[in-house]
Amino acid sequence: MINYKDFAHTDDVAYNVYKALLYCKEHKEDGIVFPKDTYHIYPEKASEAVYCISNHSDPGFKRCLFLIEELKDFTIDGGGNEFVFEDVMTPVIVSNSKNITLKNFTITFKRNLGASFEIIKSEGTTAHIKPICGKAFVHSGELYEGVYEEDFNRLKFLSVRDENGRIPRGVAGDYYIAFNDDAKRTHFSYNPDGTIKVSNLPTNVTAGQKLLCGCGKRNASLIFLNQSTNTNICNVTLHSGVGMGVIAQNCDTVSIDKLSVCPKAGFVGSINCDGTHFVHCKGKISITNSHFEAQGDDALNIHSIYFKIIDKTPDCLILKQVNREQKGIDILHCGDEIEICNPKSLLPKSKYKVLDVARINLEITEVKIDGDTKDIEIGDIADEVSWVSDVLFENCNVVHNRARGMLLASGGKTVIKNNLFKTTGAAIKFESDGSFWYESGRTKDVNITENVFENCKYSASKDAIITVSPREKTEEGRYYHKKIAVTNNEFKGCNGLLASINNTETFIFKDNKITNHKYDVLITDYCENVETD
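Residues numbered from 1 in each chain as written. Predicted model: local features only at pLDDT ≥ 70, side-chain atom pairs only at ≥ 80, totals over all residues. Heavy atoms only, no water.

Engineer: Lay out the overall build of the chain with the relevant residues and their values.
Structural biologist: Summing up its helical and strand segments, the chain has 1 helix and 46 strands in all. The C-alpha radius of gyration of the chain comes to 24 Å, within 12% of the 24 Å expected for a compact globule of 533 residues. When the backbone C-alpha atoms are referred to their principal axes, the chain occupies close to 70 × 65 × 45 Å. Looking at the 533 residues of the chain, the share that counts as buried comes to 57%. Partitioning the intrachain contacts of the chain with sequence separation of at least 6 by distance along the chain shows that 67% fall at a separation of at least 24. Side chains of the chain carry 62 positive and 73 negative charges; the gap between the two charge centres is 2 Å. (Helix = DSSP H or I, 4+ residues; strand = E, 2+ residues; numbered from the N terminus. Rg over C-alpha atoms; globule rule 2.2 N^0.38 Å. Buried < 20%, exposed > 50% of the residue type's maximum accessible area, 1.4 Å probe, protein only. Contact = heavy atoms within 4.5 Å. Lys, Arg positive; Asp, Glu negative; His and termini not counted. Charge placed at Lys NZ, Arg CZ, Asp CG, Glu CD.)

Structural data, given as structure tokens:
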């Protein structure tokens, strides 16, 4: 293992790391360790590669600090140091690699394409605000992130937070700022003292609250894993960033231990969206002993991708990746199996083996199958089902983030055990769809046990604490989910229905302790077997 100090020949950390990684590849070194320091990273001389990252904006060139490609048995040991990114880039990319370990570092973005403000005076939907962190300016009555005449990222939505940076009880997770409707338009202007006046906010606010404003962009994930096997992430802290904390696509076995997603002192929120996100992975996904706080979306989201069938020949299907944030993600290979599904029920109609795959462009793929396409309808959806991952989420805290605790859509054995949930919306939600996000994932064996759900759904969310969403259409005697068991958990002071379960063959709700709860416990619809105390 080499020491970074031996390659720190310039003041540019990104360039030095680029040279160090080249040396490691040439001399078959097994890693890099960093001496004690705070490292400031600029994108100008950073490594660059072309990637399509699922559920993110802007496929194409990505500037990167650690570009780990086609390596095996390699470790990045950050030495417990903080890496401060001065502009938007992707800190870590691991691609086509095996047995990679990332450990002992903190990532902070100085710029997260948003800004936060304190409300110093308010009257209903009018407020006077001053900035807390992030740069923003007013132009033509609208609010923008960045510096005037350099950046024009219009801030499109806002989230109201209390003095502790949490979404207040009964308040929606976020609001979209109205631009085009003159009657509803939110207007920004400068006060003589340099503070900002906001008129016609989409909700009432009070002095002392905070506004977290964002532009809705997901330009750069923090740690991106692609087509890699056995990746380990340990003792890593993510304070802020302009995308997901960890996203893995087409990966086999990912282990995350002691990951902390949390705001740095003085920041209202942490990273912009999901803490962890897995797309079309297999093997085991393990997240243990980790902390997720104040991120802009779920702590965990796991799913695969539905393709829309837009045309066919006698033995080929023309498939489209409809979701713009899925374009260019290659998940189909020769020998894979695909199921043809009804786009409304999402239930399979037939199964075929893939004989050949041709990527035509970012959106369109031609797939040759081992059968006749005469019974396949244009508009059906296709789901690759050869890759299935088991999931373990254990000994973690999920607290005070926007949206849900997690979205589950994995066909392997899933265990959610001994975690603390204090979420603004649903703690656990099961969701797939074939019309908007095109995210697939029928679950077969889910065990939710020994968790504490405390004061969950304290925002204006309509979901239950545990929600299994209905499908647009059902088919008699067939169910989207196989078995979900909720046992030996504690529900304390939660706001609203505890469980709303739909389209599940077997649902078990037993031996759960429920305290300080004044709402209904359970509603089921279109379930064959329901077991309760």
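Engineer: Describe unusual backbone geometry, naming the residues involved and giving the relevant values.
Structural biologist: Phi is positive for E70, close to 55 degrees, though the residue is something other than glycine. Its location among the elements puts E70 in the loop between β5 (60–69) and β6 (72–85). Since its relative accessible area comes to 64%, E70 is described here as exposed. For N200, which is not a glycine, the phi torsion comes out positive at approximately 65 degrees. Residue N200 is classed as partly exposed on the basis of its relative accessible area of 29%.

Engineer: Which residues make up the sheet that holds strand β17 (residues 196–199), and what are the values?
Structural biologist: Reading across the sheet, the 7 strands line up as β15-β14-β18-β9-β10-β17-β16 and stay open at both edges, with antiparallel pairing between neighbours. On the outer flanks of this sheet lie β15 (175–176) and β16 (187–190), each paired with one strand and no other. As defined by bridge partners, strand β9 (residues 114–123) adjoins strand β10 (residues 126–133) across 7 bridges and the pair is classed as antiparallel. For E118, the partnering residue across the bridge sits in β10 and is K130. (Pairing = 2+ DSSP bridges.)

Engineer: Got a sec to walk through the pairing of strand β7 (residues 90–95)? Specific residues and values, please.
Structural biologist: Across a regular strand the side chains alternate sides, sitting on one face of the sheet and then on the other. A large share of β7 lies buried, amounting to 6 of its 6 residues. By the bridge criterion, 4 bridges tie β7 to strand β19 (residues 223–226) in an arrangement that is parallel. Following the sheet pairing, I93 is matched in β19 by F224.

Engineer: Give a detailed account of a nonpolar patch on the surface, specifying residues and quantitative values.
Structural biologist: A contiguous nonpolar surface patch, about 250 Å² in accessible area, is contributed by Y15, Y18 and L22. Tracing the chain through its elements places Y18 in helix α1 (residues 13–27). (Patch = residues over 30% accessible without salt bridge, like charges linked within 9 Å, V, L, I, M, F, W, Y side chains within 5 Å. Areas by Shrake-Rupley, 256 points an atom, 1.4 Å probe, with all protein chains shown as cover. Salt bridge = Lys/Arg side-chain N within 4 Å of Asp/Glu carboxyl O.)

Engineer: Before we move on, could you go through the environment of Y519 and cite the residues and values that matter?
Structural biologist: Within the secondary structure, Y519 sits in the loop between β45 (513–515) and β46 (522–532). For the pair Y519 and N447, spaced 72 residues apart in sequence, the C-alpha to C-alpha distance is 24 Å. The contacts of Y519, once residues within four sequence positions are left out, are C494, N495, G496 and L497. Of note is the side chain of Y519, whose polar atom sits 2.9 Å from the side chain of N495. (Polar contact = N/O pair within 3.5 Å; in protein donor to acceptor, adjacent residues only side chain to side chain.)

Engineer: If you had to explain the sheet that holds strand β11 (residues 136–139) to someone new, which residues and values would you point to?
Structural biologist: One open sheet accounts for 3 strands, arranged β11-β12-β13; its pairing is antiparallel. Edge positions in the sheet fall to β11 and β13 (153–154), since each has one partner strand and no second. Direction of pairing for strand β12 (residues 142–145) relative to β13: antiparallel, over a ladder of 2 bridges. Residue Y144 lies in a different strand from β13, and its bridge partner there is R154.

Engineer: With reference to specific residues and values, describe the nonpolar core.
Structural biologist: Ranked by size, the top nonpolar core spans 107 residues in total, and within it I32, L102, F278, F393, I428 and F453 carry the most contacts. Looking at this core element by element, the count peaks at 6 residues for α1. Excluding anything up to four places from it in sequence, I428 contacts M406, L408, I416, F421, I448, F453, I465, I466 and T467. (Core = buried A, V, L, I, M, F, W, Y, C linked by side-chain atoms within 4.5 Å.)

Engineer: So what's going on with the pairing of strand β27 (residues 316–320)? Which residues, and what values?
Structural biologist: Within β27, 4 of the 5 residues are buried, which leaves the element mostly enclosed by the surrounding structure. Bridge analysis of strand β26 (residues 300–312) against β27 gives 4 bridges, and the strand direction is antiparallel. The residue bridging K308 from the neighbouring strand is K320, located in β27. Hairpin geometry of β26 and β27 is characterised by an intervening segment of 3 residues between the two adjacent antiparallel strands. Examined bridge by bridge, β27 and strand β30 (residues 364–369) share 5 bridges and lie antiparallel to one another. In the sheet register, L319 faces β30, and the bridge partner there is T365.

Engineer: Tell me about the packing of aromatic side chains, residues and numbers included.
Structural biologist: This model, assessed by the stated rule, comprises 25 aromatic pairs. Put simply, the rings of Y4, F34, Y39, F66, F83 and F105 pair up and form one aromatic cluster. Between the NZ or CZ atom of K282 and the centre of the ring of W387, over which it lies, the distance is 4.5 Å. Sitting over the face of the ring of Y480, R471 holds its NZ or CZ atom 5.2 Å from the ring centroid. (Phe/Tyr/Trp six-rings, centres within 6.5 Å; stacked < 30°, edge-to-face > 60°. Lys NZ or Arg CZ within 6 Å of the ring centre and 35° of its normal.)

Engineer: Quick rundown of the environment of I318? Include the residues and the values.
Structural biologist: By the element assignment, I318 lies in strand β27. Separated by 11 residues in the primary sequence, I318 and F307 have C-alpha atoms spaced 9.3 Å apart. Not counting residues up to four positions away in its chain, the partners in contact with I318 are K308, I309, I310, D311, K312, I364, T365 and E366.

Engineer: Go over α1, please, and point to the residues and values.
Structural biologist: With 15 residues, α1 should cover 21 Å at 1.5 Å per step; its first-to-last C-alpha distance of 21 Å lies within 8% of that length. Taken residue by residue, α1 has V13, A14, N16, V17, A20, L21 and C24 as its buried positions. The buried residues of α1 occupy one face: seen down the axis, they fall within an arc of 155 degrees. Looking at the packing, one finds that the buried side of α1 touches β1 (2–3), β2 (31–33), β3 (38–41), β5 and β6. (Expected span 1.5 Å × (residues − 1). Arc of directions from axis to C-beta.)

Engineer: Break down the side chain of E325 for me, citing the residues and quoting the values.
Structural biologist: Residue position: E325 is located in the loop between β27 and β28 (337–341). A relative accessible area of 9% places E325 in the buried class.

Engineer: Describe in detail empty space enclosed by the protein, supporting the description with residues and values.
Structural biologist: Rolled over the atoms, a probe sized like a water molecule indicates the empty space that remains. As enumerated under the stated definition, the model contains 1 cavity of 30 Å³ or more in all. Residues that form the lining of the largest cavity fall into these classes: 4 nonpolar, 4 polar and 5 charged. (1 Å grid on protein atoms, 1.4 Å probe; cavity = no way out; pocket = protein on both sides within 12 Å on 5 of 7 lines; lining within 4 Å. Points joined across faces, edges and corners; volume = space filled by probe spheres on them. Nonpolar A, V, L, I, M, F, W, Y, C, P; charged D, E, K, R; others polar.)

Structural measurements only, silent on function.
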